[in-house]
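# A structural walkthrough
The primary structure of each chain is shown beneath.
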Amino acid sequence: MGAATETFYSVIRRQGITRRSFHKFCSLTATSLGLGPLAASRIANALETKPRVPVIWMHGLECTCCSESFIRSAHPLVKDAVLSMISLDYDDTIMAAAGHQAEAILEETRAKHKGQYILAVEGNPPLNEGGMFCIDGGKPFVEKLKMMADDAMAIIAWGACASWGCVQAAKPNPTQATPIDRIITNKPIIKVPGCPPIAEVMTGVVTFIITFGKLPELDRQGRPKMFYSQRIHDKCYRRPHFDAGQFVAEWDDEAARNGYCLYKMGCKGPTTYNACSTVRWNGGVSFPIQSGHGCIGCSEDGFWDKGSFYDRLTDIKQFGIEKNADQIGMAAAGAVGAAVAAHAAVTAVKRLASKREHADHNS
């Protein structure tokens, strides 16, 4: 536990990492976060001077896909995040300790780092039947969640499960699986939704907190704006095909082979806020739409209950340049013509009224 008082820089220097490599790491990290050129020096200063932040990572009802994503981060590498940047004191999925030893770590962290540790939560607590559908260390998970949240500095809700409820909370939700922000109401909560979230988004959030000593700016739903402020549709490389009215109608048709828009195949990109089309997955290699499958909207609230993944959105209007340009042009010309005609009519009426007033005055 004393390792939490060490800095990231002191740890990597002990591992034989050169200062040059350290600054290269800071520059790459700043770039991956989309920060300005001065951010690299701020990151370096923070990692040189600030103690590593203790992190408690707990698991409720979930499939561990968030952890699977996290360990595949490329910028920064998860080994740097877990072994050097933070002090991951508890994660029952990857830690060596088990049973009473693992439970003792939770109590020790609460006592030594009260108000200083981050509670990262993957999954959600079921509330039905007293929380008996998820037992952790002999107790309902909801009880341990509340206990560890009481003394936490902040809480990170990893994935759609912790953020929204995900498939566990889908109708009819027999276990009464509940998002953590409905359980914990007195602590700042950062929602990092997705099923799972992008690896670099997860490590990016952790890096931001460590570097700047504060939470990233959040939107009205509690998501970091730096990663969730734009729709996938806004930066999708297939967007020009959407605007041109060029759509895939059947899997593996000519339009699919030409890389046309997947909107008619049920793509939820126009209503989904995430960084998939910019950060991408597997070290920036690709994302679902690039691989030929539409977005399923997994980072949005209630996506399991919004119909089939292949149901077409019905309230999205596209421009359709190639198919509608002539009609739009004629409509615009007609509108201008109508305006000109209306202006001429009004002018004529005013002139006629003026002539009548002048005639009445002379008579």
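Fair warning: this is a prediction, and the values are worked out from it, not measured in the lab.

### A few points about the UniProt feature "binding site: [4Fe-4S] cluster 1" (unreviewed entry) in the protein
With numbering aligned to this structure, UniProt lists the feature "binding site: [4Fe-4S] cluster 1" (unreviewed entry) at C63, C66, C161 and C195. For the residues just named, distributed over 133 residues, the greatest C-alpha separation is only 9.7 Å, placing them together at one site. Here C63 is to be found in the loop between strand 1 (53-59) and helix 4 (65-70). Take C66: it is sitting in helix 4.

### Thoughts on the packing of helix 2 (residues 19-32) against helix 3 (residues 39-49)
Direction vectors running N to C along helix 2 and helix 3 enclose 125°, while the axes themselves pass 8 Å from each other. Here helix 3 runs oblique to helix 2, going by the angle between their axes. In the crossing of helix 2 with helix 3, the sense of the turn from one axis to the other is right-handed. Two secondary-structure elements touch here, helix 2 through R19, F22, H23, F25, C26, S27, T29 and A30 and helix 3 through A39, A40, I43, A44, L47 and E48. Grouping the constituent residues of the contact of helix 2 with helix 3 by class yields 9 nonpolar, 3 polar and 2 charged.

### Here's the deal with the side chain of H233
By the element assignment, H233 lies in helix 11 (residues 232-235). At 3.4 Å, the side chain of H233 forms a polar contact with the side chain of R239. Residue contacts for H233: discarding those within four places in its chain leaves R239, F242, G269 and P270.

### A word on the pattern of salt bridges
Summed over all chains, the structure comprises 15 salt bridges. Residue E48 is joined to R19 by a salt bridge in which the shortest nitrogen-to-oxygen separation is 2.5 Å. Here R19 lies in helix 2 and E48 lies in helix 3, a separation of 29 residues in the sequence. Among the residues examined, E48 registers a relative accessible area of 25% and is labelled partly exposed. Two residues, E103 and K144, come together in a salt bridge whose shortest N-O distance is 2.9 Å.

### Topic: the side chain of S286
Mapped onto the secondary structure, S286 falls in the loop between helix 13 (254-257) and helix 14 (321-362). Among residues more than four places away in sequence, those in contact with S286 are R280, W281 and S291.

### A look at the nonpolar core
The biggest cluster of nonpolar side chains holds 52 residues, and the ones touching the most others in it are F22, L47, I156, W158, V192 and I289. When residues of this core are assigned to domains, at least three fall in each of domain 1 (8-227) and domain 2 (230-312). Ignoring sequence-local partners within four residues, the contact set of F22 consists of F8, Y9, I12, I17, A44, L47 and E48. In terms of nonpolar packing, the next biggest core, distinct from the first, is built from 27 residues, Y117, V142, M148 and I180 among them.

### Quick word on the environment of T64
Inspection of the secondary structure puts T64 in the loop between strand 1 and helix 4. Between the C-alpha atoms of T64 and T93, which are 29 residues apart in sequence, the distance is 8.5 Å. Discounting chain neighbours no more than four positions away, the residues touching T64 are T93 and E122.

### Structural notes on helix 6 (residues 99-112)
Two residues of an α-helix separated by three or four positions point the same way, owing to the 3.6 residues in each turn. The end-to-end C-alpha distance of helix 6 is 21 Å, a good match for the 20 Å that 14 residues give at a rise of 1.5 Å each. If you check which residues of helix 6 are buried, you get A102, I105, L106 and T109. Along helix 6, the residues classed as buried sweep out an arc of 95° about the axis, all on the same side. Exposed residues on helix 6 whose side chains face more than 90 degrees from its buried face are H100, Q101, A111 and K112. Contacts from the buried residues of helix 6 go to strand 1, strand 2 (86-91), strand 3 (117-122) and helix 7 (141-150).

Rules used in this analysis
In this convention, every chain numbers its residues from 1, walking through the sequence in written order. Reporting in this predicted model follows two pLDDT cut-offs: at least 70 for local features of residues, and 80 or more for side-chain atom pairs to be given and counted; totals over whole chains, interfaces and linings ignore these cut-offs and use all residues. Side-chain metrics in this entry use all non-hydrogen atoms of the structure; hydrogen atoms and water are not considered. UniProt positions are given in the numbering used here, feature names are shortened, and annotations may be inferred rather than shown by experiment. Only DSSP runs of H or I covering at least 4 residues are called helices, and only runs of E covering at least 2 are called strands; the numbering of each starts at the N terminus. Axes here refer to lines fitted to C-alpha atoms; in helices the fit is confined to the stretch in contact. Angles between the N-to-C directions go from 0 to 180 degrees. Any angle between 65 and 115 degrees counts as roughly perpendicular, while under 35 counts as roughly parallel, over 145 as roughly antiparallel, and the rest as oblique. Here a crossing is taken to be left-handed if its near helix is turned anticlockwise relative to the far helix by less than a right angle, and right-handed if that turn runs clockwise. When checking whether two residues touch, look at their non-hydrogen atoms; a contact exists if any pair is within 4.5 Å. Note on residue classes: Ala, Val, Leu, Ile, Met, Phe, Trp, Tyr, Cys and Pro are nonpolar, Asp, Glu, Lys and Arg are charged, and everything else, Gly too, is polar. Here a polar contact is recorded for every N or O atom pair within 3.5 Å, except that within protein the pair must consist of a potential hydrogen donor and a potential acceptor, and residues adjacent in sequence are included only if both atoms are side-chain atoms. For this analysis, a salt bridge means a side-chain nitrogen from Lys or Arg found within 4 Å of a carboxyl oxygen belonging to Asp or Glu. Exposed residues in this analysis have more than 50% of their type's maximum accessible area, buried residues have under 20%, and partly exposed residues fall in between, with area computed by a 1.4 Å probe over protein chains only. What we call a nonpolar core is a set of buried Ala, Val, Leu, Ile, Met, Phe, Trp, Tyr and Cys residues that are connected through their side-chain atoms within 4.5 Å. For every domain, the bounds stem from an assignment made automatically or drawn from a database. Under the convention used throughout, the expected extent of a helix is 1.5 Å for every residue step, that is, one less than its residue count. What the arc describes is the spread of directions from the helix axis to the C-beta atoms.

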